[in-house]
Every structure is written in C-alpha cells, then in structure tokens.
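Survey of secondary and tertiary structure
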Amino acid sequence: MKILVIGGTGLTGRLVTKKLAKLGHQVVIGSPSHGVDLMTGEGLDLALQNTEVVIDLSNSSSPEEENAIHFFLTAGKNLVTAELAANIRHHLVLSIVGTDDALQIGYLRAKKHQEDNIKNSGIPYTIIRSTQFHEHTDAIIAVQGNDEEVFVSKIDYQPIALEDVTDFIVQFALEEPKNGTVEIAGPIRANMDDFVAKYVEIAGKSVKVISDEDSKYMHLVVPKSLLVPAGAYNAGKIHFEDWALSTLVN
C-alpha cells in the first residue's frame, strides 16, 4: 500500500521508512526537504493522493512550550484537513507515556493537542505512547550532569530500544486502526539511576552517578511513575544492557 511517513527524514522515520519499503510498500516521505510542509500545508494534497496510511512522526523544532504548541496545533489542523479530503483510512501518531499526567509541562501539553486533534477528527487512528528510548541516555547525562558527576533520580524508568519502537510502529500501522491508545515500553522496569549507572559502567565514562530521591527528569519535577506505562503495554525485546553492550563496546 502507499504510506506517507511524516517526519520520514528523522532518526525514527528513516528506520520506519526502510522497514516499510523492505516489506514492499510504497513509502512517501513527508518533510520540507521532500516538498511537504506541515506548517503551510504545501505538498500535502499531492503526497496524500492514493495514500491509505499516514504515520505521523513529526516534531517541533524545539520542546519549548510556545513553539511546540504552535507547531502541533498548526500541523495537526493542516494534516486533518488534507487527510479528510483524501479519505485516509488510518492515521498513526507516535506520542509519549504519561502525557495526561504532567500537563504542566509545556511539551506534553503540546503532544496532548496532537493526540486530541486526531482523536476528534473522525479519521480512524492509532496513538502509540512510548517510553523514552535507550538512545536518550546520553541526553540525560548531558543535561543532568557535568564533566565529573551526573545527578539522577530514582524515579521509575522503563526505556525501549529505537529498533523495537520502529518495529511496533510498522506493526500497528499495518493493522486495523485501534481508534484508541496503545503503550509500548522496554522489557525491564527499574529506577532511572540504575539504567544510567549501567550505561556509564559499560561506556567506561569517568562521570560519577549521584542518585537522589528527587522526582526529577531533565530538571523538571514529575510524578514518580510518569515515565512508565500506566497499565497494559507492549514490551520490546531488546534489553537495555544488551543494547548498551552492542552499541558501546567494539
């Protein structure tokens, strides 16, 4: 079938596009560099011609509240208008676990707008809420630390490998729309500091992990279980330690 991947040039989008093409599907990449601009709607009508499924992996240029909300509201409106005209049969969007539980965070409020936009559109849809990726660990270390120490909370954490995320995106995109939300997460749940300490150990970094009881993530105060699934979820196959060993050790 013909599938439009919005954000197909990003890290996740490139893997999804590659996997769909390998399965024999016709994939159209939706990005400004490929003539599709969500903010203006330019190129959407052409990209959606004879398209059955839209996979929305779009993201704002920054997580800052005003920027993110403006992006998801504008892009969402343009997408829905064009998809209704094209009679799209399935719209899948990648979102984040815990979005409903920390709407004081501007970026999560923006993602909620993205979710609600498709929920209320009348277009058959599936929302995938994912935990943070294994690949996000370096960002945690960079933001929450310095050259010598990284301060990491003992909040609940259940990261998932990007490879598993893209497999789930392809799986659910090719299935019938759920008209609801599914959650995905890694196979193991532990404290965030445990994951970061293991990563630092395997990577051979000299930075020291300082564990604390503050319920913080990227300097934001969050509920202790914000970053893990709330109930039933689909578990990835790749364990964090195996991923780290294969990624960091030659």
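Refer to the structure above for everything that follows.
Residues numbered from 1 in each chain as written. Predicted model: local features only at pLDDT ≥ 70, side-chain atom pairs only at ≥ 80, totals over all residues. Heavy atoms only, no water.

1. Examining the packing of aromatic side chains
Applying the stated criterion across every chain, the model contains eight aromatic pairs. Measuring from centroid to centroid gives 5.7 Å for tyrosine 157 and phenylalanine 195, while their planes differ by 70 degrees, and the two rings are edge-to-face. Placement of the pair is tyrosine 157 in strand β7 (residues 156-157) and phenylalanine 195 in helix α7 (residues 192-203), with a sequence separation of 38 residues. Exposure class is identical for tyrosine 157 and phenylalanine 195. Each is buried. A centroid spacing of 5.9 Å and a plane angle of 15 degrees characterise the contact between tyrosine 199 and tryptophan 243, whose relative ring orientation is stacked. A residue pair is termed long-range when its members are at least 10 positions apart, and tyrosine 199 in helix α7 and tryptophan 243 in helix α8 (residues 240-248) qualify at 44 residues. (Phe/Tyr/Trp six-rings, centres within 6.5 Å; stacked < 30°, edge-to-face > 60°. Helix = DSSP H or I, 4+ residues; strand = E, 2+ residues; numbered from the N terminus. Buried < 20%, exposed > 50% of the residue type's maximum accessible area, 1.4 Å probe, protein only.)

2. Observations regarding the nonpolar core
Within the largest apolar cluster, 43 residues are counted, with the highest numbers of intra-cluster contacts made by Leu4, Leu44, Met192 and Val196. Broken down by secondary-structure element, the contributors of at least two residues to this core are β1 (2-6), α2 (44-47), α3 (65-86), α4 (106-119), α5 (137-144), β6 (149-153), α7 and α8. Top element by residues in this core is α3. It accounts for seven residues. Every residue in contact with valine 196, bar those within four places of it in the chain, is listed here: Thr137, Ile140, Ile141, Val150, Val152 and Val209. Among the nonpolar cores identified, the runner-up in size contains 19 residues, and Val16, Leu57, Val182 and Ile184 belong to it. (Core = buried A, V, L, I, M, F, W, Y, C linked by side-chain atoms within 4.5 Å. Contact = heavy atoms within 4.5 Å.)

3. Considerations on the layout of surface pockets
If you add up the space inside the largest pocket, you get close to 1300 Å³. In terms of lining, the largest pocket is formed by 44 residues, of which the most central are Asn59, Ile96, Tyr107, Lys111 and His136. Taken together, the elements giving at least two residues each to the lining of the largest pocket come down to α1 (11-22), β4 (90-96) and α4. Per-class residue counts for the lining of the largest pocket are 23 nonpolar, 17 polar and four charged. (1 Å grid on protein atoms, 1.4 Å probe; cavity = no way out; pocket = protein on both sides within 12 Å on 5 of 7 lines; lining within 4 Å. Points joined across faces, edges and corners; volume = space filled by probe spheres on them. Nonpolar A, V, L, I, M, F, W, Y, C, P; charged D, E, K, R; others polar.)

4. Some remarks on unusual backbone geometry
In most cases, non-glycine residues show a negative phi, while peptide bonds are predominantly trans. At methionine 218, a position not held by glycine, the phi torsion is positive, near 55 degrees. Tracing the backbone through its elements, the reader meets methionine 218 in the loop between β11 (216-217) and β12 (220-221). Here the phi dihedral of histidine 219 falls at roughly 75 degrees; this positive angle occurs in a residue that is not glycine. Relative to the elements of secondary structure, histidine 219 occurs in the loop between β11 and β12. Classification of histidine 219 as exposed rests on a relative accessible area of 53%.

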